Amino acid sequence: MSGNKANESKKVGDELFIVESNLASIEDERTNYIFHMNTEIDDIVRKQYGALWIKPSVGKQALLRTKSNTAPISRIRVLNTETFPQSGITEQEMELTFRDRFTASAHYEEVRDFLREDKEYYDHATTINIYEQGNNLAEQAAGILNLYAEVKSDYNFLERTYEQFLSSESENIRELDLPNFYNFLMRDNGDVFEKLDRSLILSQSGRIKLGDPNKLAGDKIKPVSDYFSKWANNFLNYKNDLSAFAKNYKMRKVFFTNKETARLEELYRYKELFPMMNTIEFNIENDARLGTTLEETNFSSQLRGMMTPSAATNFSTTEVRSNMSERLVSDDGDQKFEEGTITSTVNKQTRVLYDVDNFFDNYEPFQSEELFLNDDVLDGSNYRAFYNLMSIITKGRIEKIKKEVFRDYKEILDGKTAYSEPVFYKVNKFDEENNLLQTFNFTNTNKLEVIKFVDTQVKFDKRYRYEITSANLVIGTKYRFEFIRLGRNSRGRPSKIRFKSISEPLVKIIEVPVFEKSVIIHDNPPIAPEITPIFFRGVNNKVNFFFNSAVGRYKAEPVLFNTGEASIIDKYKVAQDIPEAEKEIMFETDDSVNRFTLYKMNSKPTSYQDFEDKGESIEIITEKASSASYLDTISPNKKYYYCLRSRDYHNNISYPSAVYEVELVDDTGSIYPTSRICEFDKPAPKQNKRGVKRFVHIKPSFRNLLSNEEEMGLENSDGPELGQQVVLGEESDITWGKKFKLRLTSKSTGKKIDFNFTFNTKQDREVSE
């Protein structure tokens with residue numbers, strides 16, 4: 001689904017491969033080991049074996065050893081394996097063999113000394129699915145999980161008091177202070193809700209009386225527009241109440257657990273209650289083993305709460321983003337999914353990483369700083385016993401996952417990547433200056449398919465950028481080595497090394513942006529207004545025009561009255577997320593008319609631009625009314641041409657009305673009006689040929705058109721059979737069947753042109769029985 005280029009939508013690819021920078025070589029795309037032998041790789045065994053990641057010139061990432069057979073170590077085999085379930089450690093006795101006996105001595109010392117070092121090494125190489133903009137129908141039809149995301153702006157209706165206040169006090173109002181959609185609709189706990197922080201934020205600490213929440217859902221839904229005017233009228237007083245207003249800061253981080261995330265799609269249909277909003281929609285992966293456990297134990301608030309800047313560590317990565325083209329093809333009537341070319345890009349990044357193992361080893365229940373819409377989330381500092389028990393259950397679940405998906409060192413050497421699953425999704429909201437305004441967090445579970453989120457804490461005519469981040473649980477591997485002994489060949493030269501690898505799982509959460517897009521809140525320009533001329537009996541110089549703003553919506557190609565309006569059209573395309581190349585935009589009546597502009601000409605226009613260039617315009621202020629009138633003075637027996645445009649509250653210019661031709665005819669005191677819709681004259685097509693019939697006319701003489709009875713056998717019985725032949729021409733000099741030449745000479749240039757032609761006759765026969 002294509003969007004406007006100015007909205008900076010980023011389709012970042014179908015797949016993101018992440019690996020530690022010290023385990024990859026991306027400086028050269030060639031696949032021969034010799035071009036990567038000087039790359040700095042911490043694990044010397046992997047380097048000498050060629051078990052490092054490269055990016056070939058074509059396709060996705062690959063393990064070098066699968067592309068090249070020239071690495072110094074030709075083979076690594078496992079002699080025996082021992083696993084310790086209690087600790088999760090796996091020990092493998094392994095033997096490596098050098099490829100070239102003549103160069104083995106040079107590599108031997110380097111590998112031997114490396115294996116004797118008491119160091120730990122890490123591998124978190126994993127693949128994360130990346131979102132694309134719009135639903136991929138080819139993947140969907142093929143039954144492939146299509147991860148897509150959509151971010152759109154939506155202006156519903158004008159709430160005048162609210163918008164005027166936001167405009168006048170914009171510098172004093174933060175986005176997190178604005179009314180939140182879900183604070184309205186997730187109010188079903190009666191008296192308990194009135195004591196919650198989000199209730200105090202919604203009511204401005206009791207300054208606004210809240211209605212019955214049961215009337216904000218189901219069939220009893222009612223408008224809540226009076227809330228917005230009350231919000232505007234009470235905000236400054238609320239802001240001066242520092243202790244109460246401080247609660248608004250909690251709206252900086254909002255957390256949706258499974259209980260309310262499951263209701264997002266149901267509540268999405270009530271977004272029309274709000275005057276304006278941005279909507280974020282994305283589907284999620286169905287693999288949520290840990291996320292489901294977090295929801296069952298009510299522990300997601302604790303694990304998500306530990307993901308703070310103080311707990312984060314930087315993670316230097318090499319990343320490959322791969323995008324696969326695809327299409328549906330027909331084969332004997334059946335549609336099949338066909339993979340196309342894969343385009344990949346590679347770069348280095350610094351990602352944020354959280355140590356899950358360390359979190360559980362040092363866990364202490366705490367109260368998260370985020371605002372939870374789930375009223376069942378308990379204060380960790382007051383419910384320590386409960387959360388300590390839940391932490392044991394959650395950790396047990398992680399331990400089970402670790403045992404099932406753990407990679408030992410040999411599997412790493414063979415290119416097996418780490419298990420990962422998205423645990424949390426986060427939507428970051430930024431302004432144009434890249435300031436982080438708010439974050440909205442969601443827990444992934446196996447019961448979710450699509451997240452439809454509505455952000456009503458936005459301002460008119462302001463650009464926002466939304467970044468969707470996936471927090472993925474990654475089961476990496478930590479390993480170290482022990483040197484055992486050297487193996488020599490028959491000549492006493494080193495050819496093999498026996499060593500032990502000690503591996504254990506390492507659990508991290510890695511945050512990766514998977515989609516981003518910027519949008520702007522703006523309403524649509526109005527549709528064409530209606531204009532009706534009204535005439536007076538016996539008056540030959542007055543006409544009254546009645547104007548009315550029409551209701552509806554349609555797409556049409558904008559009409560420009562001057563070149564300065566082109567930039568306005570570009571802004572509409574950005575707001576409506578319409579591609580720049582598309583000619584049509586949406587016109588819609590979504591707020592009140594502010595004024596009408598009547599254009600007038602006393603000569604027939606050839607286009608709407610003529611009204612701006614050659615006509616006059618009259619501004620009629622409406623004073624919030626949807627209709628108006630204007631009395632114009634004209635001269636009798638003279639044609640006038642009128643068209644009308646309107647401007648709404650936000651000064652958007654409407655599509656122009658039809659052009660009216662108006663005349664008051666005064667025929668010696670007999671006065672009558674004429675009025676009709678006037679179409680622009682179409683430009684006369686260029687003539688690429690010119691007839692010369694009036695200059696040159698050649699035809700047979702009159703006698704050549706008469707029948708020759710003698711030749712037709714009408715005068716004697718010896719002629720041709722009657723009715724079988726018709727002969728024309730009575731003179732001896734008959735024209736038919738002879739060749740003629742006509743020469744034309746130009747008077748100006750003297751050039752000549754000849755036409756050769758012949759006169760023939762054609763006979764139509766009727767056959768009767």
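Everything numeric in this text was worked out from a predicted model, so none of it was measured. (Residues numbered from 1 in each chain as written. Predicted model: local features only at pLDDT ≥ 70, side-chain atom pairs only at ≥ 80, totals over all residues. Heavy atoms only, no water.)

(A) Here's a closer look at the overall build of the protein chain. Each helix and strand in the protein chain was counted, giving 20 helices and 32 strands. Here the protein chain, with 769 residues, has 48% of them falling under the buried criterion. Carbon and sulfur atoms provide 46% of the accessible area of the protein chain, an area that totals close to 39500 Å². (Helix = DSSP H or I, 4+ residues; strand = E, 2+ residues; numbered from the N terminus. Buried < 20%, exposed > 50% of the residue type's maximum accessible area, 1.4 Å probe, protein only. Areas by Shrake-Rupley, 256 points an atom, 1.4 Å probe, with all protein chains shown as cover.)

(B) Geometry of the pairing of strand β5 (residues 73–84). Sheet analysis places β5 next to strand β6 (residues 89–98), joined by 10 bridges and oriented antiparallel. Opposite Arg75, over in β6, you have Thr97 as the bridge partner. (Pairing = 2+ DSSP bridges.)

(C) Looking closely at unusual backbone geometry. At Asn298, a position not held by glycine, the phi torsion is positive, near 60°. Mapped onto the elements of the fold, Asn298 is located in the loop between α13 (289–296) and α14 (300–305). The phi torsion at Asn434 lies on the positive side, around 70°, for a residue other than glycine. Overall, the relative accessible area of 46% leaves Asn434 in the partly exposed class.

(D) View of the packing of aromatic side chains. Scanning all chains against the criterion turns up 54 aromatic pairs. Residues Phe740 and Phe759 carry aromatic rings whose centres are separated by 5.8 Å and whose planes lie at 70° to one another, so their mutual orientation is edge-to-face. Separated by 19 residues along the polypeptide, Phe740 in strand β31 (residues 739–745) and Phe759 in the segment after β32 (752–758) bring together distant segments of the chain. Judged by relative accessible area, Phe759 falls into the buried class, the value being 17%. The ring of Tyr464 carries the charged tip of Lys429 above its face, separated from the ring centre by 5.5 Å. (Phe/Tyr/Trp six-rings, centres within 6.5 Å; stacked < 30°, edge-to-face > 60°. Lys NZ or Arg CZ within 6 Å of the ring centre and 35° of its normal.)

(E) Region of the structure containing a nonpolar patch on the surface. A surface patch of nonpolar side chains, about 270 Å² in accessible area, is lined by Ile34, Phe35 and Met37. Assignment of secondary structure puts Ile34 in the loop between β2 (24–25) and α1 (44–49). (Patch = residues over 30% accessible without salt bridge, like charges linked within 9 Å, V, L, I, M, F, W, Y side chains within 5 Å. Salt bridge = Lys/Arg side-chain N within 4 Å of Asp/Glu carboxyl O.)

(F) Layout of the pattern of salt bridges. Under the counting rule described, the total for this entry stands at 47 salt bridges. The shortest N-O distance in the salt bridge between Lys271 and Asp154 comes to 3.4 Å. One end of the pair, Lys271, is in the loop between α12 (264–268) and β12 (276–283); the other, Asp154, is in strand β10 (residues 148–155), and 117 residues separate them in sequence. Overall, the relative accessible area of 12% leaves Lys271 in the buried class. Linked by salt bridges that have partners in common, Arg77, Glu93, Glu95 and Arg498 make up one network.

(G) Structural context of the sheet that holds strand β29 (residues 659–667). If you trace the five strands from one edge of the open sheet to the other, you get β26-β25-β28-β29-β30, paired in antiparallel fashion. The two strands at the open ends of the sheet, each matched to only one other strand, are β26 (616–621) and β30 (670–678). For this sheet the average axis-to-axis angle between neighbouring strands, irrespective of direction, equals 25°. Inspection of the sheet shows strand β28 (residues 640–648) paired to β29 by three bridges, in the antiparallel sense. Paired with Tyr640 across the two strands is Val662, which belongs to β29. (Axes fitted to C-alpha atoms, helices over the stretch in contact; angles between N-to-C directions.)

(H) Expanded view of the environment of Arg384. With respect to the helices and strands, the residue Arg384 is situated in helix α16 (residues 384–405). Accessibility expressed as a relative area gives 38% for Arg384, which makes it partly exposed. Each C-alpha atom of the pair Arg384 and Glu364 lies 7.9 Å from the other, and the pair is 20 residues apart in sequence. Contacts of Arg384, omitting those with residues within four sequence positions, involve Glu364 and Pro365. (Contact = heavy atoms within 4.5 Å.)

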